[in-house]
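# A look at the structure
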Amino acid sequence: MSIDYTHYAAIIERSADSYGVYLPGCTSAGDTLQQAARNAEEALQAHIELSVEHGETLPEPSEL
């Protein structure tokens with residue numbers, strides 16, 4: 001079984017006690033880098049679903 005993934009670039013910023021993640025159209029954060037990555041995936045998925053629901057154009061994914 002083949003799974004096709006779409007990738008979007010993210011900027012991760014470390015603060016004194018957490019990590020912020022900046023994605024196309026949304027942001028997320030977490031106390032650890034792993035938590036920030038999981039939260040960013042959920043935030044991006046929700047953003048994509050809402051964009052599609054509202055008929056908005058999605059940004060083009062990037063090459064890894």
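Refer to the preceding data block for the structure.
Residues numbered from 1 in each chain as written. Predicted model: local features only at pLDDT ≥ 70, side-chain atom pairs only at ≥ 80, totals over all residues. Heavy atoms only, no water.

## Focus: the nonpolar core
Counting residues in each nonpolar core, the largest one holds eight residues, listed as Tyr8, Tyr19, Val21, Leu23, Cys26, Ala36, Ala40 and Leu44. When residues of this core are traced back to their parent elements, those giving at least two are strand 2 (19–23) and helix 1 (33–53). Dropping the residues within four chain positions of it, alanine 40 is found in contact with Val21, Leu23 and Ser28. (Core = buried A, V, L, I, M, F, W, Y, C linked by side-chain atoms within 4.5 Å. Buried < 20%, exposed > 50% of the residue type's maximum accessible area, 1.4 Å probe, protein only. Helix = DSSP H or I, 4+ residues; strand = E, 2+ residues; numbered from the N terminus. Contact = heavy atoms within 4.5 Å.)

## Thoughts on the sheet that holds strand 2
One open sheet accounts for three strands, arranged 1-2-3; its pairing is antiparallel. On the outer flanks of this sheet lie strand 1 (11–14) and strand 3 (26–30), each paired with one strand and no other. When strand polarity is set aside, the average angle formed by the axes of neighbouring strands in this sheet is 20 degrees. (Pairing = 2+ DSSP bridges. Axes fitted to C-alpha atoms, helices over the stretch in contact; angles between N-to-C directions.)

## Notes on the environment of alanine 40
By the element assignment, alanine 40 lies in helix 1. For the pair alanine 40 and glutamate 60, spaced 20 residues apart in the sequence, the C-alpha separation amounts to 17 Å.

## As for the pairing of strand 2
Counting buried residues in strand 2 gives four out of five residues, a clear majority hidden from the surface. Examined bridge by bridge, strand 1 and strand 2 share four bridges and lie antiparallel to one another. Within the sheet, the bridge partner assigned to isoleucine 12 lies in strand 2 and is valine 21. The loop that links strand 1 with its antiparallel partner strand 2 comprises four residues.

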